[in-house]
Amino acid sequence: MLSLKLLILGLWLGANLALAKMPSLPNLPSDHLIRYLNTFPKMKQKLPSNVTTTQACWGHERDCKAEARFQTPQCPGDHTGWVQSKQAQVDTFYYQADFGYIQQQLAELTPQCLPKYLTDSSLECTRYLRFCRGRNLLFDFRDLVDREERIRYHMDVLKPGQLLGHCELNRTRLTGELEHTGSALQSWGPELRNFDVLPEPVMESNHCDMVVDTPTFILKIDATYNMYHHFCDFFNLYASLFVNQSHPAAFNTDVQILIWETYPYDSPFRDTFRAFSQRPIWTLSDVEGKKVCFRNVVMPLLPRMIFGLFYNTPLIQGCSNSGLFRAFSEFILHRLQILFEPPKPKIRITYLSRRTKYRQVLNEQELLEQLEQNDDYIVQRVSYERLSFVDQLKITRNTDILIGMHGAGLTHLLFLPNWACIFELYNCEDPNCYKDLARLRGVHYVTWQQRDLVYPQDEGHHPEGGAHAKFTNYRFDVPEFMRLVDEAAKEVRAHSEFPYHQQSKKIGPELQKIEPHHEL
């Protein structure tokens, strides 16, 4: 009921704000905008006098009550000895993978280099330098033009003295946070260990060949063509907006993205950056050969942090439904203007057809023909690699059951409706990857269990030698396939947010019309 009230209020609020012509407010879904206004009370003072808001909060705020959080994890399963109580189980998941993780990062923010005056530099970071932000910092990229090799995942982009600021550096504290430097994507240690002090204010010196006034996010990215790994980048960038949420402009898109490599940025998922920035993406090639001074710079959470978010997240057993992951899903869909289509009484099934050498379904046509014979299903087969990413999202957002073989395309489960089900047809002996991602997003997960009813083409041949389940093709038993799809359909229909939920006859017609828009 709380989420419904927020929705109605948010829609009304959005209409009033449009009339009031308040361009300073960020483009956010209604539930998000209300929490943004509660984070920045001064912004609420600009609202029309007849507009009121609730006490809704995200969950990272210290005074945020559990019932006002964006979402509370669900922990119906056993915690298998991790903790001593059900509440401890919920709290553990919340701090591992939800807004509790943001709360911990905020609590850890510690000055590394303190300014004396407003025009001085500053640097503050969380533990192990997983997230940092600074003001008036100089990056010396002059010698990058002499590098013969392209830069990606490098630990030596900067050398000692090539990152400078005019402030009081606590070198002992900074050095003590350099434990997580085993790889480039674990922390900002490889860069910040080179930090040194400039004797005069950065912006008042003659050292800057280029001054960047636009707030800048520097990204060390995991991948560009693998959706699972690239969305580790996007998700951690989104989480970092909350850690950096010290100013009302926190969700504005007038920011610069700088990717920490010299390869040209190219990705089938590049449209996702439009959710964060309205400016062209930079790489190090755009700044090489120059001493660049940034007025405001953020080094966000990284994709391969130890005990990080999305990748390497240690999840307690028995819990699901991270509000942070749901918020990310809604944020991306909203910013990219992916339209929501109200569901139909029939279950909408999207089957992901692979065009790769391995993990093809050899009797795919037979399986689909059986599905299409069921009048309760609307079935479509798609090859996402042939569509733009925005067009892919249009399909995913309006799917009730998503079916596909183990592979990065299953990352689309992040953008399914809350009531949807992901059917990983076969996990290829990698059982936790998409099962855990489904837990985080809060959608139901189904996969093949009967090993004697799946028929591999051969044992699979890994390119580096040896048998491997990911490097072959498969046939599946048709009756068992249909049974699992029917199981998934039952889960969809049983979900309380599904508009044709079995209890929906008890709900008034006005509420039934509004319920689908919970996905805004």
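Right, let's walk through the structure included here.

Rules of the game
Along each chain, the written sequence defines residue order, and numbers are assigned to residues from 1. Confidence filtering applies because this is a predicted model: local features only for residues at pLDDT of at least 70, side-chain atom pairs given and counted only at 80 or more, and all residues used for totals across whole chains, interfaces and linings. No hydrogens and no water enter the side-chain calculation; it runs on all heavy atoms of the structure. Each residue is assigned to one of three classes by its accessible area relative to the maximum for its type, calculated with a 1.4 Å probe on protein chains only: buried under 20%, partly exposed between the two thresholds, exposed over 50%. Secondary structure elements follow DSSP: runs of H or I of four or more residues count as helices, runs of E of two or more count as strands, with numbering from the N terminus. Here, a strand pair is defined by DSSP locating no fewer than two bridges between the strands. Interaxial angles span 0 to 180 degrees and are taken between N-to-C directions of axes, which are lines fitted to C-alpha atoms, for helices over the stretch in contact. Here the word oblique covers every angle except those under 35 degrees (roughly parallel), over 145 (roughly antiparallel) and from 65 to 115 (roughly perpendicular). We call a crossing left-handed when the near helix sits turned anticlockwise from the far one by less than a right angle, and right-handed when that turn is clockwise. Whether two residues touch is decided by their heavy atoms; if any such pair falls within 4.5 Å, the residues are in contact. Residues were grouped as follows: Ala, Val, Leu, Ile, Met, Phe, Trp, Tyr, Cys and Pro as nonpolar; Asp, Glu, Lys and Arg as charged; and all remaining residues, including Gly, as polar. Note on terminology: a nonpolar core comprises buried Ala, Val, Leu, Ile, Met, Phe, Trp, Tyr and Cys residues joined through side-chain atoms within 4.5 Å. Throughout, disulfides are identified as pairs of cysteine sulfur atoms within 2.5 Å of each other.

Examining the pairing of strand β8 (residues 216–219)
Side chains T216 and I218 project from β8 onto one buried face, and the interleaved F217 and L219 project onto a second face that is buried too. Across four bridges, the pairing between β8 and strand β9 (residues 256–259) is parallel. Counterpart to T216 in the pairing with β9 is Q256. Relative to strand β11 (residues 291–299), β8 runs parallel, the two sharing two bridges. If you follow F217 over to β11, its bridge partner there is V298.

Notes on the sheet that holds strand β12 (residues 347–352)
Within the open sheet, the five strands sit side by side as β13-β12-β14-β15-β16. Their pairing is parallel. Edge positions in the sheet fall to β13 (377–382) and β16 (444–447), since each has one partner strand and no second. Ignoring which end each strand starts from, the neighbouring axes of this sheet average 20° apart. Where strand β14 (residues 401–404) lies against strand β15 (residues 421–424), four bridges are found, and the strand directions are parallel. By the bridge assignment, I403 is partnered in β15 with F423.

A closer look at the packing of helix α5 (residues 99–108) against helix α8 (residues 227–243)
The interhelical angle for the contact between α5 and α8, taken along N-to-C directions, is 55°, at an axis separation of 9 Å. By the angle between their directions, the pair α5 and α8 is classed as oblique. By crossing handedness, the relation of α5 to α8 is classed as right-handed. Along the contact surface, α5 presents F99, I102, Q105 and L106, while α8 presents A239, F242 and V243. Classifying every residue of the contact of α5 with α8 gives six nonpolar, one polar and no charged.

A look at the nonpolar core
Generally speaking, soluble globular proteins have nonpolar side chains that are buried together. Core analysis: the biggest nonpolar cluster contains 117 residues, and F141 and L192 have the highest contact counts within it. Broken down by element, the residue count for this core peaks at 12 residues, all from α8. Among residues more than four places away in sequence, those in contact with L192 are L123, C125, L129, C132, L163, L174 and M299. Counting residues in hydrophobic clusters, the runner-up holds 35 residues, among them I347, W419, V478 and F481.

What about the state of the cysteines?
Throughout the structure, instances matching the rule amount to five disulfides. With a sulfur-sulfur separation of 2.0 Å, C75 is cross-linked through a disulfide to C319. Because the sign of the S-S torsion sets the handedness, a value of about 110° for the bond joining C75 and C319 places this disulfide among the right-handed ones. Note that C75 is positioned in the loop between α3 (41–44) and α4 (86–97) and C319 in the loop between β11 and α9 (323–335), a separation of 244 residues in sequence. For the pair C75 and C319, a shared accessibility class is recorded, and that class is buried. The partner cysteine of C113 in its disulfide is C167, sulfur to sulfur 2.0 Å. The S-S bond linking C113 to C167 shows a torsion near 100°; that makes this disulfide right-handed. Residue C113 is located in strand β1 (residues 110–114), and its partner C167 is located in the loop between β4 (163–165) and β5 (168–169); the two are separated by 54 residues in the primary sequence. Side by side, C113 and C167 carry an identical accessibility label, which is buried. The connectivity of the disulfide bonds within the protein chain can be written as 1-2, 3-10, 4-7, 5-6, 8-9, using the sequence rank of each bonded cysteine. C232 takes part in no disulfide bond, and the closest cysteine sulfur, belonging to C433, lies 8.7 Å away. Among the cysteines around C428, which has no disulfide bond, C433 carries the closest sulfur, lying 11 Å off.

Purely spatial values, then, with no claim about function.
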